[in-house]
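Per-entry structural report
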Amino acid sequence: MAAAVYNPFENAQEQFDKVAALLELDSGIRELLRQPMQEIHFTIPVKMDDGSTKVFKAYRIRHNDARGPAKGGIRFHPHETADTVRALSMWMTWKCAVVDIPLGGGKGGVVCDPHNLSETEQERLCRGYVRQLFAQLGPNRDVAAPDVMTNAQHMLWMLDEYETITGGRYPGMITGKPVGMGGSLGRTEATGYGVIYVLKNLLSEMNMPVESTTASIQGFGNVAEHAASLYSQLGGTVIAVSCWNQADAKAYTFRKKTGCDIEQLAGIKDAFGSIDKDKALALGYEVFPGEEWLKQDVDIIIPAALENQITPMACPVISPSVKIICEAANGPTTPDCDELIRKQGIVLLPDFLCNAGGVTCSYFEQVQCGMNYFWDKEEVFEKLENSMTKAFSAVYELSVEKNIGMRDAAYIIAINRVADAVKLRGWA
Ligand code: NAD
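1. Overview of the overall build of the protein
Secondary structure summary: the protein contains 14 helices and 12 strands in total. Computed over its C-alpha atoms, the radius of gyration of the protein comes to 21 Å, within 12% of the 22 Å expected for a compact globule of 428 residues. For the C-alpha atoms alone, the extent of the protein along its principal axes is close to 55 × 55 × 50 Å. Counting only residues that meet the buried cut, the protein has 57% of its 428 residues in that class. Intrachain contacts of the protein at a sequence separation of at least 6 include 72% that bridge at least 24 residues. For the protein, the accessible surface area stands at approximately 17,100 Å², while carbon and sulfur atoms represent 50% of it. Placing the 41 positive and 53 negative side-chain charges of the protein at their respective mean positions leaves the two points 3 Å apart.

If you want it as structure tokens, here you go:
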């Protein structure tokens with residue numbers, strides 16, 4: 001059977017349509033919410049180090065800003081498409097709504113592979129992105145952040161370009177900045193930690209002590225590393241992690257049955273989350289093909305890399321030992337899998353609840369920038385854990401009350417909040 005080709009935007013719309021029908025949402029609101037309100041597609045010319053000019057395709061898409069300024073990361077990826085950005089912007093709307101922060105949903109992307117760009121070329125690309133778009137950005141309009149293959153340095157170049165053009169200091173224009181330059185302490189860890197705060201709550205509901213659980217993780221970038229780290233600190237055992245290897249252009253799974261040492265693995269990975277295969281072998285890790293992470297006999301699987309990783313083709317290879325899928329990445333499970341997963345007796349923590357720690361901390365960063373007063377790390381983590389726990393409890397209780405999956409419960413809460421904002425504004 002040929003593998004189906006999944007379109008993330010169609011997935012996002014399918015998930016929305018299902019819940020909109022359940023909620024008997026007014027047709028005008030339904031039409032408004034099932035697509036972005038604004039899309040900007042543009043090109044960025046970049047002077048390369050060798051004197052040539054390369055042109056990159058880029059996007060900024062605002063799904064909905066009824067609840068507040070649009071918020072969402074900028075992704076650098078060679079396979080970026082308008083539909084990926086559309087889906088991600090839509091998921092941002094639901095994500096901000098489910099954790100009840102006063103922000104809407106947006107997303108950006110550039111079709112590029114930063115592995116192949118020098119630092120100065122990356123800087124010119126970041127500045128070019130803002131030069132084309134500055135009038136549409138700003139703390140009260142649309143606030144960008146890091147995502148796949150973008151980092152704090154990229155954000156600071158973007159902020160500097162924005163401030164150079166507009167002639168002021170607007171630290172709340174972008175989040176995920178370096179600490180000391182308007183960044184919040186804890187932002188680096190926030191998404192991964194948020195994943196584990198939610199997982200911890202679910203484990204407690206399922207009477208599974210975290211110390212007796214094992215996990216397998218796809219990805220070892222920003223989200224995956226910090227999720228793995230907190231999960232290990234709490235006593236959980238990470239059996240395997242999988243990541244992309246640029247040199248071989250393929251993914252590998254690294255396994256240690258006694259448990260991976262997350263700090264050790266972090267010490268042998270590059271800035272893009274690729275673990276050095278030879279060093280891992282030397283440290284006693286078994287190395288398998290990339291997809292093996294999904295087949296491990298563990299309690300929890302945490303997809304924390306890319307979308308469309310758990311498909312109907314992949315579902316049957318998931319070990320019967322797996323009790324929880326913790327969606328740290330955006331859109332890692334295709335909609336046609338939710339029912340299969342439920343039938344396999346697996347509980348699914350949906351992406352836009354699970355990975356909302358990043359945007360929640362980004363919101364904290366904006367709040368701190370607005371006050372020009374910064375909290376210490378403990379305060380950030382305490383506030384983050386409170387927000388994630390509150391959001392989890394609402395979703396979990398609704399899922400139990402209505403006997404539905406947590407994805408549908410999270411959608412019901414988020415869509416209702418956004419639909420209310422749309423109605424209150426008189427848009428529909
Ligand atoms: P990242 O670029 O830091 O890391 C991505 C990781 O995925 C790397 O370890 C890479 O090697 C791995 N990877 C890529 N292709 C792979 C493949 N085919 N098989 C196995 N591993 C592969 O990205 P990130 O910031 O950690 O984001 C990961 C996911 O989490 C994305 O879906 C992103 O949209 C989502 N997310 C990120 C944040 C955030 O704050 N960074 C917030 C919310 C959601």
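2. Concerning the pairing of strand S5 (residues 142-146)
Within S5, 4 of the 5 residues are buried, which leaves the element mostly enclosed by the surrounding structure. Direction of pairing for strand S3 (residues 70-76) relative to S5: parallel, over a ladder of 5 bridges. Bridging across to S5, Ala-70 finds its partner in Asp-142.

3. Let's talk about the packing of helix H1 (residues 8-22) against helix H14 (residues 406-425)
Closest axis-to-axis distance for the H1/H14 pair is 10 Å, and the angle between their directions is 75°. Between H1 and H14, the angle is such that the two are roughly perpendicular. Residue-level inspection shows Ala-12, Gln-15, Phe-16, Lys-18, Val-19 and Leu-22 of H1 in contact with H14, the latter providing Arg-407, Asp-408, Tyr-411, Ile-412 and Ile-415. Of the residues that constitute the contact of H1 with H14, the class distribution is 7 nonpolar, 1 polar and 3 charged.

4. Quick notes on the sheet that holds strand S8 (residues 250-255)
Strand order in the open sheet formed by 7 strands is S9-S8-S7-S6-S10-S11-S12, and the pairing between neighbours is mixed. Only two strands of the sheet have a single partner each, and these edge strands are strand S9 (286-289) and strand S12 (347-349). Here the strands of the sheet are splayed against their neighbours by 20° on average, with no regard to which way each runs. The pairing of strand S6 (residues 214-218) with strand S10 (residues 300-303) spans 4 bridges and is classified as parallel. Residue pairing across strands places Gln-218 opposite Pro-303, the latter belonging to S10. Contacts from helix H6 (residues 187-205) reach S10, strand S11 (324-326) and S12, with the element oriented near 160° to S11.

5. Quick word on the site of the ligand
As a structural note, the neighbourhood of the ligand is formed by 26 residues, with Arg-75, Thr-191, Phe-220, Gly-273 and Asn-330 the closest of them. In the environment of the ligand, an oxygen atom lies 2.8 Å from a nitrogen or oxygen atom belonging to the backbone of Phe-220. When the ligand sits alone it has 830 Å² of accessible area, and the protein chains cover 89% of it. Contributions of two or more residues to the shell around the ligand are made by H6, helix H7 (222-233) and strand S7 (237-245). Across the shell around the ligand, the residue classes tally to 13 nonpolar, 9 polar and 4 charged. Looking at the shell around the ligand, you find at least three residues from each of domain 1 (37-183) and domain 2 (188-354).

6. As for empty space enclosed by the protein
Tallied over the full model, the rule gives 1 cavity of 30 Å³ or more. What the largest cavity holds in volume is close to 30 Å³. When residues of the lining of the largest cavity are traced back to their parent elements, those giving at least two are strand S1 (38-47) and strand S2 (53-64). The element that contributes the greatest number of residues to the lining of the largest cavity is S2, accounting for 3 residues. Looking at side-chain class alone, the lining of the largest cavity contains 2 nonpolar, 2 polar and 3 charged residues.

7. Details of the state of the cysteines
One pass over the full model with this rule turns up 0 disulfides. Of the cysteine sulfurs around Cys-260, a residue in no disulfide, the closest is that of Cys-243, at 11 Å. No disulfide involves Cys-315; its sulfur sits 3.5 Å from the nearest other cysteine sulfur, which is in Cys-337.

8. Section: helix H13 (residues 377-402)
The end-to-end C-alpha separation of H13 is 37 Å, in line with the 38 Å expected for 26 residues at 1.5 Å each. Looking at H13, one finds that the buried residues are Val-380, Phe-381, Leu-384, Ser-387, Met-388, Ala-391, Phe-392, Val-395, Leu-398 and Ser-399. For H13, the secondary structure elements touched by its buried residues are helix H3 (82-98), H6, S12, helix H11 (351-354), helix H12 (357-371) and H14. Count one or two residues on from H13 and you reach Asn-403, which has phi positive near 55°.

9. Examining the pattern of salt bridges
Enumeration over the complete set of coordinates arrives at 29 salt bridges. Lys-377 is paired through a salt bridge with Glu-189; the nearest N and O atoms lie 2.9 Å apart. One end of the pair, Lys-377, is in helix H13; the other, Glu-189, is in helix H6, and 188 residues separate them in sequence. Exposure remark for Glu-189: the relative accessible area of 12% places this residue in the buried category. Overlapping salt bridges, with partners in common, bring together Glu-123, Arg-127, Arg-131, Asp-160 and Glu-161 in one network.

10. Considerations on the side chain of Asn-7
Here Asn-7 shows up in the segment before H1. Looking at Asn-7, its side chain comes within polar contact range of the main-chain nitrogen of Phe-9, at 2.8 Å.

11. Examining the domain arrangement of the protein
By the assigned domains, the protein splits into domain 1 (37-183) and domain 2 (188-354). The C-alpha centroid of domain 2 is placed 27 Å from the C-alpha centroid of domain 1. With 15 residues of domain 1 at the interface, the matching set in domain 2 holds 9 residues. For the domain 1 face of the interface with domain 2, the top three residues by lost area are Trp-91, Lys-95 and His-115, together amounting to 45%. On inspection of domain 1 and its partner domain 2, the count reaches 1 salt bridge. Put simply, Glu-307 and Arg-75 hold a salt bridge, and the shortest N to O gap is 3.2 Å.

Scoring rules and cut-offs
- Residues numbered from 1 in each chain as written.
- Predicted model: local features only at pLDDT ≥ 70, side-chain atom pairs only at ≥ 80, totals over all residues.
- Heavy atoms only, no water.
- Helix = DSSP H or I, 4+ residues; strand = E, 2+ residues; numbered from the N terminus.
- Rg over C-alpha atoms; globule rule 2.2 N^0.38 Å.
- Buried < 20%, exposed > 50% of the residue type's maximum accessible area, 1.4 Å probe, protein only.
- Contact = heavy atoms within 4.5 Å.
- Areas by Shrake-Rupley, 256 points an atom, 1.4 Å probe, with all protein chains shown as cover.
- Lys, Arg positive; Asp, Glu negative; His and termini not counted.
- Charge placed at Lys NZ, Arg CZ, Asp CG, Glu CD.
- Pairing = 2+ DSSP bridges.
- Axes fitted to C-alpha atoms, helices over the stretch in contact; angles between N-to-C directions.
- Parallel < 35°, antiparallel > 145°, perpendicular 65-115°, else oblique.
- Nonpolar A, V, L, I, M, F, W, Y, C, P; charged D, E, K, R; others polar.
- Near = heavy atom within 4 Å.
- Polar contact = N/O pair within 3.5 Å; in protein donor to acceptor, adjacent residues only side chain to side chain.
- Domains from an automatic or database assignment.
- 1 Å grid on protein atoms, 1.4 Å probe; cavity = no way out; pocket = protein on both sides within 12 Å on 5 of 7 lines; lining within 4 Å.
- Points joined across faces, edges and corners; volume = space filled by probe spheres on them.
- Disulfide = S-S within 2.5 Å.
- Expected span 1.5 Å × (residues − 1).
- Salt bridge = Lys/Arg side-chain N within 4 Å of Asp/Glu carboxyl O.
- Buried area = accessible area lost by both parts, 1.4 Å probe.

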